[in-house]
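# Breakdown of the fold
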Amino acid sequence: LLNVMDIIHQYFELKSNPSAPFVPRTYLFAAKAAPGYYLAKLIIKLINDVASVINHDPAMTNRMNVVFLPDYRVSLAERIIPAADLSEQISTAGTEASGTGNMKLALNGALTIGTLDGANIEIRENVGPENIFIFGNRTEDLDELRRKGYNPLSYVEKSKDLRKVLEAIRDNIFDPTQPDLFKDLYNDLTDHGDYYFYLADFADYVKCNELVDALYSTPAKWAEKAILNVARMGWFSSDRSIQDYCDTIWHLEPSPIKLNGD
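Residues numbered from 1 in each chain as written. Predicted model: local features only at pLDDT ≥ 70, side-chain atom pairs only at ≥ 80, totals over all residues. Heavy atoms only, no water.

Next up on the list: the overall build of the protein. Tallying secondary structure elements over the protein gives twelve helices and five strands in all. A buried classification covers 42% of the 262 residues belonging to the protein. In the protein, the proportion of contacts linking residues at least 24 apart, taken out of those at least 6 apart, comes to 69%. Roughly 14700 Å² of accessible area belongs to the protein as shown, and the carbon and sulfur atoms make up 54% of that amount. For the protein, the distance from the average site of its 26 positive side-chain charges to the average site of its 37 negative ones is 4 Å. (Helix = DSSP H or I, 4+ residues; strand = E, 2+ residues; numbered from the N terminus. Buried < 20%, exposed > 50% of the residue type's maximum accessible area, 1.4 Å probe, protein only. Contact = heavy atoms within 4.5 Å. Areas by Shrake-Rupley, 256 points an atom, 1.4 Å probe, with all protein chains shown as cover. Lys, Arg positive; Asp, Glu negative; His and termini not counted. Charge placed at Lys NZ, Arg CZ, Asp CG, Glu CD.)

The final tally for this structure, using the stated rule, is ten aromatic pairs. Plain terms: the ring middles of Y216 and W222 are 4.9 Å apart, the flat faces sit at 85° to each other, and that makes the pair edge-to-face. Here Y245 and W250 contribute two aromatic rings whose centre-to-centre distance is 5.2 Å and whose plane-to-plane angle is 45°, an arrangement assigned as tilted. Of the aromatic side chains, those joined through ring pairs into one cluster are F133, Y216 and W222. The ring of F12 carries K164 above its face, with NZ or CZ at 4.9 Å from the centroid. (Phe/Tyr/Trp six-rings, centres within 6.5 Å; stacked < 30°, edge-to-face > 60°. Lys NZ or Arg CZ within 6 Å of the ring centre and 35° of its normal.)

Once that is clear, we can look at empty space enclosed by the protein. According to the stated counting rule, one finds one cavity of 30 Å³ or more in the structure shown. Roughly 30 Å³ of internal volume is contained in the largest cavity. If you trace the largest cavity, you find it lined by D6, Q10, F22, V23, R25, Y27, N209 and D213. Looking at the lining of the largest cavity, the elements with two or more residues in it are α1 (2-16), β1 (25-31) and α10 (198-216). Residues that form the lining of the largest cavity fall into these classes: three nonpolar, two polar and three charged. (1 Å grid on protein atoms, 1.4 Å probe; cavity = no way out; pocket = protein on both sides within 12 Å on 5 of 7 lines; lining within 4 Å. Points joined across faces, edges and corners; volume = space filled by probe spheres on them. Nonpolar A, V, L, I, M, F, W, Y, C, P; charged D, E, K, R; others polar.)

Taken together, the three strands give an open sheet; going across it, the order is β3-β4-β5, and neighbouring strands pair in parallel fashion. For this open sheet the edge positions go to β3 (86-89) and β5 (133-134), each flanked by a neighbour on one side alone. Relative to β5, strand β4 (residues 111-114) runs parallel, the two sharing two bridges. Within β5, the position partnered with I113 by the bridge is F133. (Pairing = 2+ DSSP bridges.)

On to the pattern of salt bridges. For the coordinates displayed, the defined rule picks out 13 salt bridges. For R170, the salt bridge identified is with D171, shortest N-O distance 2.9 Å. On the basis of relative accessible area, D171 is assigned to the partly exposed category, the value being 36%. Across the pair D180 and K183 runs a salt bridge whose closest N-O atoms are separated by 2.8 Å. Given a relative accessible area of 52%, D180 falls into the exposed group. Residue K183 is classed as partly exposed on the basis of its relative accessible area, which comes to 29%. Salt bridges sharing common partners tie together K32, D71 and R73. (Salt bridge = Lys/Arg side-chain N within 4 Å of Asp/Glu carboxyl O.)

The next point concerns the nonpolar core. Residues L1, M5 and L46 are the most contacted members of the largest nonpolar core, which totals 57 residues. Those residues in contact with L46 that sit more than four places away from it in its chain are L1, V4, I169, F174, F182 and L185. I123, V127, M233 and F236 belong to the second largest nonpolar core, which has seven residues in total. (Core = buried A, V, L, I, M, F, W, Y, C linked by side-chain atoms within 4.5 Å.)

It is worth spelling out the packing of α10 against helix α11 (residues 219-231) at this point. In the contact formed by α10 and α11, the axes pass within 6 Å of each other and the chain directions differ by 110°. Comparing their axes, α11 and α10 come out roughly perpendicular. Of α11, the residues touching α10 (which contributes V212, L215 and Y216) are P219, K221, W222 and K225. Grouping the constituent residues of the contact of α10 with α11 by class yields five nonpolar, no polar and two charged. (Axes fitted to C-alpha atoms, helices over the stretch in contact; angles between N-to-C directions. Parallel < 35°, antiparallel > 145°, perpendicular 65-115°, else oblique.)

And the structure:
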């Protein structure tokens, strides 16, 4: 959802200033959601509606493209992961939503943009903080926001860009035939408390994406960081992981293998 909110923002920026410098992007989404996961279904529908508008807008040709690949599975991952330049791992800090997928992307040379959450933390430790894009509130920041009483509308009041994105979702400008379709999604972000702190992280996410664009505009520097990501992902190998289990949990010693004739 945070990703598609930024796409909407970028689309509005390009429409209002077509001559502004812009790094072209193709956004790939791939997912599935349980039939009863109502908000997830709405988000998938929103992504597809936004994609339909952007991909049919002549002004976006060779600038923005949004693709949603349904029913995410290994056969899709085998094509997406090696092709990706940027790995979006943007789960709310503390939810531990990012796992082996971000490791596979980094191992295949994609730079990571993400929150300090889940395996992103260990990737950052191993590839180096200068070779990953980290944004957003940390777990302790969000704990403090909860303690003080988080008010998502305070972020809307401070940002006309965020307000414009939310109003576009509320009014469903992407499919005027269903103007009320995303009202529940809008209400979840505003009146219902924004449980995952999308609005609190929005501005920093937009700013971090600007850093991504700046680096991608210097291919040699981008390539250097991509190569370092691949080279430094060895720590995540299954051999190292199993050895850790042997040393710290199972307390096993290696046993020599005796072949016939030894």
